[in-house]
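# Tertiary structure, described
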Amino acid sequence: MTRPLILASLLGAVLATPVFAQTSVPFTLDWRFEGPAAPYFLAIDNGHFAAEGLSVEISPGQGSLDAIPKVATGAFPMGFADMASVIKFLDQNPDAPVTAVMMMYDVPAFAVVGRRSLGVETPQDLQGRRLGAPPPDGAWAQFPVFAAEQGLDLSTITVEPVGFPTREPMLAAGEVDAVTGFSFTSSLSTMRLGVPADDIVIMLMADYGVELYGNAIIVNTDWAEANPELVTGFLRAVAAGVRDAAADPAAGVAAIAARNPALDSELETERLNMALRDNILTPWVMENGLGGIDAERFATSLEQIGMGYTFTNPVDAARYFTDAYLPTDGSLMMQ
């Protein structure tokens, strides 16, 4: 066989080799591209999703409630949402094909952020003062539980409905004395507006009797039942992204900055470190692994949700969260 024929034969063999296509999985966040989203972008950039046969495109969200209907309608097969909001959504829409499959914030970031100079240092200080709260905010949704656990008289608190863009500016300007929000969002955003760090008080609701879980990865159940291995692969890749972010937070923020050059990398690195320390890599997670829940605590959290919300359907913990898609190969351990 002549040299040209040999080359042609080899080229034909290469072209005939099957190429395994990756499955496209759009994923919607609950909020903007900020530090705590680093694990997802690292899972893209470091090849963890690709290793699972996935091509993942991440979209920003507009609040704790935003991802749930997107996933329930099938617009996105997977997303990131507040667990308590998922529970209420499923109570109101019991046939909706959506459930949580991986707990990401073992300790929720729900917080009341106040200012010492405005007289707010403890939960009791909120009485007689002005509280800024965006109506779709996950932290505001849990404020009745926080208030009940602390024995606050809600009639003494003036609640100002505010928008997400105006929440921290109003706190910085002294137009409200405190706000509800995620700890790592409202505190750092207020500091960025010029309020000194020692003037800011972060009351993490989990430190004041609130047993609720935080944000979880949710899935469209119809899609998950048809693609169980893809769901498990996605969760395994995310766990790898969390380990990467913990090992090198600056690299995690750089992955976000590559998509948003206007990002304040120093601020977002601090935000990511707060989320990893306070919400994601908790003592429970370090012992038991990422993604699961404690059944007894979950039962207590459902009781607490019922303190400020009237269920219209029987409470069913198994309907709100399933560990059926979590990998069992040890990849969830964060040690």
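Computed from a prediction, not measured in an experiment: that's the story for all the values here.

### Digging into the overall build of the protein
Of the regular secondary structure elements, the protein holds 15 helices and ten strands. For the protein, whose C-alpha radius of gyration is 22 Å, the value lies close to the compact-globule estimate of 20 Å for 335 residues. By its C-alpha atoms, the protein is 95 × 45 × 35 Å across when sized along the principal axes. Counting across all 335 residues of the protein, residues that qualify as buried make up 52%. A separation of at least 24 residues holds for 81% of the contacts in the protein among residues at least 6 apart in sequence. Of the accessible surface of the protein, which amounts to about 14200 Å², a share of 54% is contributed by carbon and sulfur atoms. A gap of 6 Å separates the mean positions of the 17 positive and 40 negative side-chain charges of the protein.

### A closer look at the confidence of the model for the protein
Confidence along the protein averages 93 in pLDDT terms, with 94% of residues attaining 70 or more. Counting contacts from residues 1-19, a segment whose pLDDT is below 50, to residues more than four positions away or on other chains yields one contact.

### Concerning the layout of surface pockets
Where empty space is left in the structure can be found by rolling a water-sized probe over the atoms. Approximately 330 Å³ is the volume attributed to the largest pocket. Lining the largest pocket are 20 residues, with R32, E34, S189, R192 and R271 positioned closest to its centre. Partitioning the lining of the largest pocket into residue classes produces nine nonpolar, three polar and eight charged.

### A look at empty space enclosed by the protein
Applying the stated criterion across every chain yields a total of two cavities of 30 Å³ or more. Considered as a void within the structure, the largest cavity measures approximately 250 Å³ in volume. In this structure, the largest cavity is lined by 18 residues; those nearest its centre are D30, W31, F182, F184 and T185. Among the elements of the structure, α7 (164-172) and α8 (183-192) are those that each provide at least two residues to the lining of the largest cavity.

### Side note on the packing of aromatic side chains
Across all of its chains, the model carries 16 aromatic pairs by this definition. With 5.2 Å between their ring centres and 45 degrees between their planes, F27 and F234 make a pair best called tilted. Taken together, the residues span a long stretch of sequence, with F27 in strand β1 (residues 23-28) and F234 in helix α10 (residues 228-247) at a distance of 207 residues. In this structure, F27 and F234 share a single accessibility class: buried. One aromatic cluster in this structure is built from F27, Y40, F49, F80, Y105, F110, F182, F184 and F234. The ring of Y213 carries the charged tip of R297 above its face, separated from the ring centre by 3.7 Å.

### Details of α7
Here α7 has its buried residues at F164, R167, E168, M170 and L171. Viewed along the axis of α7, the buried residues span an arc of 160 degrees, placing them on a single side of the element. Looking at the buried residues of α7, the elements they touch are β5 (110-115), β8 (178-182) and α8. Two residues or fewer past α7, G174 is found with a positive phi of approximately 80 degrees.

### Description of the sheet that holds strand β10 (residues 215-220)
Here five strands make up an open sheet; going across it, the order is β2-β1-β3-β10-β4 and the pairing mixed. Where the open sheet ends on each side, the last strands, each with one partner, are β2 (54-59) and β4 (98-103). Each adjacent strand pair in this sheet contributes to an overall mean axis angle of 30 degrees, direction not counted. Direction of pairing for β4 relative to β10: antiparallel, over a ladder of five bridges. Each bridged residue has a counterpart across the sheet, and for M102 the counterpart in β10 is I217. Against the sheet, helix α2 (residues 38-45) contacts β1, β2, β3 (78-82) and β10, and its axis sits at roughly 145 degrees relative to β2.

### Notes on the pairing of strand β7 (residues 158-161)
Regular strands place their side chains on alternate faces of the sheet. Two elements, strand β6 (residues 130-133) and β7, share four bridges in a ladder whose sense is parallel. Each residue of the ladder has a partner; that of G132, found in β7, is E160. Traced from β6 through helix α6 (residues 138-150) to β7, the parallel crossover comes out right-handed.

Here is what the cut-offs are and how they apply
- Per chain, residues are indexed from 1 in the order of the written sequence.
- Totals for whole chains, interfaces and linings use all residues, but because this is a predicted model, local features are given only for residues with pLDDT of at least 70 and pairs of side-chain atoms are given and counted only at 80 or more.
- For side-chain calculations, the full set of non-hydrogen atoms in the structure is used, while hydrogens and water are omitted.
- Counting from the N terminus, the helices are DSSP H or I runs at least four residues long and the strands are E runs at least two residues long.
- With C-alpha atoms as the basis for the radius of gyration, the globule rule is written as 2.2 Å multiplied by the number of residues raised to the power 0.38.
- Under the scheme applied here, a residue whose accessible area is under 20% of the maximum for its type counts as buried, over 50% as exposed, and between as partly exposed, the area being computed with a 1.4 Å probe on protein chains only.
- The contact criterion used throughout is that any non-hydrogen atoms of two residues lie within 4.5 Å.
- The protein chains shown are the only cover counted for residues, whose accessible areas, like all others here, come from Shrake-Rupley with a 1.4 Å probe.
- Under the counting rule used here, the positive set is Lys and Arg, the negative set is Asp and Glu, and His together with the chain ends is not counted.
- Just so you know, the charge point we use is NZ for Lys, CZ for Arg, CG for Asp and CD for Glu.
- pLDDT is a residue-level measure of predictor confidence that goes from 0 to 100.
- Throughout, the protein atoms alone are placed on a 1 Å grid, and a set of points is a cavity if a 1.4 Å probe fits but cannot get out or a pocket if it is open with protein on both sides within 12 Å along at least five of seven lines; lining residues have an atom within 4 Å of a point.
- Grid points are joined across faces, edges and corners, and a volume is the space filled by probe spheres set on the points.
- Amino acid classes used here: Ala, Val, Leu, Ile, Met, Phe, Trp, Tyr, Cys and Pro are nonpolar; Asp, Glu, Lys and Arg are charged; the rest, including Gly, are polar.
- Planes of paired rings set the category: under 30 degrees apart is stacked, over 60 is edge-to-face and the rest tilted, where pairs are Phe, Tyr or Trp rings (Trp by its six-membered ring) whose centres lie within 6.5 Å.
- Should the NZ of a Lys or the CZ of an Arg lie within 6 Å of a ring centre and within 35 degrees of the ring normal, that charge is described as sitting over the ring.
- The arc in question is the one traced by the directions running from the helix axis out to the C-beta atoms.
- A pair of strands is considered paired only if DSSP assigns at least 2 bridges between the two.
- For every element, the axis is a line fit to its C-alpha atoms; helices are fit only across the contacting stretch, and the angle between N-to-C directions ranges from 0 to 180 degrees.
- Note on handedness: a crossover is taken as right-handed if, strands pointing away from the viewer, the path from the first strand over the helix to the second is clockwise.

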